[in-house]
Every structure is written in structure tokens, then in C-alpha cells.
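# Overview (structure and organization)
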Amino acid sequence: MVFGGNHASAAELASLIGWWRDAGLDVLAADEPRDWLAPVERPAERTANTPVIEPTARPAAMPAAAERPAPPASFPDTLPAFQQWLVTSEKIAMPMSARVAPMGDPTSGLMVLVDLPEQVDVANGRLLSGPVGELFDKMLGALNRDRQSLYLSAMAPGWPTGGVVDRAMGVLFSELARHHVALARPRALLLMGEQPSRAFLGKGFVEARGSVHDVQLPGGATKAVATFHPRTLLQHPQQKRRAWEDLQLLMKLLS
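Residues numbered from 1 in each chain as written. Predicted model: local features only at pLDDT ≥ 70, side-chain atom pairs only at ≥ 80, totals over all residues. Heavy atoms only, no water.

Apart from glycine, the bulk of residues carry a negative phi angle, and the bulk of peptide bonds sit in the trans form. Phi at Leu128 takes a positive value of approximately 50°, unusual for a residue other than glycine. Here the phi dihedral of Arg185 falls at roughly 50°; this positive angle occurs in a residue that is not glycine. Mapping Arg185 onto the fold places it in the loop between α5 (167-184) and β6 (188-192). Its relative accessible area of 63% is what places Arg185 among the exposed residues. (Helix = DSSP H or I, 4+ residues; strand = E, 2+ residues; numbered from the N terminus. Buried < 20%, exposed > 50% of the residue type's maximum accessible area, 1.4 Å probe, protein only.)

Encoded structure:
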């Protein structure tokens with residue numbers, strides 16, 4: 001899956017690139033080894049002798065928050081109408097049969113956002129199903145919550161054709177997500193994975209995690225915490241400890 005990239009000539013290439021992006025890697029090579037999933041050093045802690053590795057330009061990455069235009073006026077302006085629009089609108093270039101509706105309680109105070117449904121989610125008719133969903137449910141259990149005590153949605157309303165999202169679709173899905181969160185008005189927002197973090201915080205989740213962020217939206221601000229997508233934790237189980245640290249930060253925010 002490539003989110004915000006170009007169509008690859010082979011499905012295997014797209015899958016490989018997406019796997020590394022989900023893991024948070026955005027530089028092809030560097031002179032020195034680097035632990036990409038280690039806590040990010042804050043700018044104030046740097047010294048003159050601290051090397052800074054700048055990421056290379058990411059082709060077709062989604063625009064930063066400051067560059068993103070306001071959502072079109074054609075988006076429904078109430079949450080129930082917008083939920084229905086996501087699964088039925090012909091303005092989204094995606095088969096309706098491939099879409100998966102948001103689930104849970106929008107009034108719970110907690111909204112969880114992922115990038116897009118998995119193919120198995122389309123088959124099962126719900127977000128985060130299969131092995132990824134099993135791990136997600138365990139993470140919720142650690143929060144003393146279940147799927148009915150939060151609001152779960154994806155930036156993309158369904159599984160894109162070929163599993164690839166081009167730049168135009170990536171921009172649209174980012175706008176949809178921001179409009180969606182503005183309508184839901186959660187007290188706390190959990191951003192799971194790379195693309196949700198970039199859409200709301202302007203940085204990848206590896207850099208963003210470990211802090212509570214203020215997200216400015218039409219109608220008011222909300223607090224956000226970035227963490228790993230469960231699919232990444234299945235691929236890299238050694239990162240579960242860091243994900244637990246993020247969940248503890250979220251619990252403090254909600255308490």
C-alpha cells in the first residue's frame with residue numbers, strides 16, 4: 001500500500017515501499033547507522049556536534065497542514081450526514097463496495113484514526129479486523145476501553161483500487177479526515193500510523209510520538225497523540241513497549 005505516492009509498475013514494488021513508509025523510514029541511506037524508532041531528540045537538546053540527518057524529498061507526499069486548503073463547501077456539515085456521504089458519495093473515486101463505515105460512539109470523547117481499511121476489513125465489513133484487529137482490541141483493553149467506547153475511522157473511506165493512493169486522492173483523504181474530526185469534536189485524538197500523523201501534525205509518527213499535540217480545527221482545537229499502527233506492531237513486535245508508552249500518555253490525557 002502506497003499512501004500519497006504514484007502508481008508503481010508492479011504491485012510488489014508498491015507493497016515494499018508502503019511497508020517501509022509504515023515503519024517510518026524516509027531516507028534511503030546515511031553515513032551512520034540510525035535507530036529510526038528511537039525517541040526523537042528535541043531541538044533544544046542538540047549541540048553543535050550533533051549531526052542532523054535531513055530526510056530526502058518524498059515524491060507525492062501529502063501537503064503539510066499549513067499548505068492544505070480548507071475543505072470544500074460540498075462536504076456535509078453535520079456528522080450523521082457526513083458519515084452517510086463517506087459511504088455513498090459518487091464524488092469519491094472508489095467503489096462503494098470497497099468502503100468501510102466508521103464505527104463506535106462519536107460522543108465518547110476519544111477518536112482513533114488510521115490510514116485506510118485493509119482488504120480483510122472490506123470483506124468483514126468493519127475497520128481493523130483480522131489479526132490487526134485482534135491486536136487493536138488488546139490495546140483498547142489496556143486502556144480499559146472497547147470499540148463501543150471510542151469512535152474509530154480511517155482517512156480513506158475504503159480500500160483503493162490496487163491498494164495505491166495517488167497524490168490527488170491523498171490530499172482529498174487528508175481533507176476528509178480533518179473535516180471528519182472537526183465534526184466529531186473529540187476530546188482526544190489517537191493517530192495510528194504515518195499518514196494520520198502527517199495529515200494532522202505535519203510530521204511522521206516516529207517524530208511525533210511521545211508528546212501531546214494541539215490540533216487546530218474549525219470550531220476549536222483538540223489534543224492528539226501519535227503512535228504505531230497495529231499492523232506495524234505485528235511486523236515489529238519489539239516496538240510494543242513504545243506503543244504502550246504512547247497509550248499511557250493518552251490515558252493521562254483522558255483522565
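Let us now look at the packing of aromatic side chains. Considering all chains together, one arrives at four aromatic pairs under this definition. Relative to Phe82, the ring of Phe75 has its centre 6.2 Å away and its plane inclined at 55°; by these criteria the two rings are tilted. Assessed through its relative accessible area of 7%, Phe75 is described here as buried. Residue classification places Phe82 among the buried residues on the basis of a relative accessible area of 0%. Aromatic pair Phe82 and Trp85: ring centres 5.9 Å apart, planes at 15°, arrangement stacked. Residue Phe82 and its partner Trp85 are located together in helix α2 (residues 79-88), separated by three residues, close to a single helical turn. Grouped by ring-pair contacts, the aromatic residues Phe75, Phe82 and Trp85 constitute a single cluster. (Phe/Tyr/Trp six-rings, centres within 6.5 Å; stacked < 30°, edge-to-face > 60°.)

So, on to the sheet that holds strand β2 (residues 103-104). Strand order across the open sheet formed by six strands is β2-β4-β3-β6-β8-β7, with mixed pairing between neighbours. Only two strands of the sheet have a single neighbouring strand rather than two, namely β2 and β7 (213-217). For strand β3 (residues 110-114) and strand β4 (residues 151-154), the ladder comprises four bridges, and the chain directions are parallel. Across the sheet, Val114 pairs through a bridge with Ala154, a residue of β4. Sheet strands in contact with α5 are β3, β4, β6, β7 and β8 (220-227), and its direction is about 95° off that of β7. Lying on the sheet, helix α9 (residues 240-254) is in contact with β3, β6 and β8; it crosses β8 at an angle near 155°. (Pairing = 2+ DSSP bridges. Contact = heavy atoms within 4.5 Å. Axes fitted to C-alpha atoms, helices over the stretch in contact; angles between N-to-C directions.)

Our next topic: α2. Among all positions of α2, only Leu79, Phe82, Trp85 and Leu86 are buried. With its buried residues spanning 120° around the axis, α2 presents them on a single face. The inward-facing, buried residues of α2 contact β4 and α5. (Arc of directions from axis to C-beta.)

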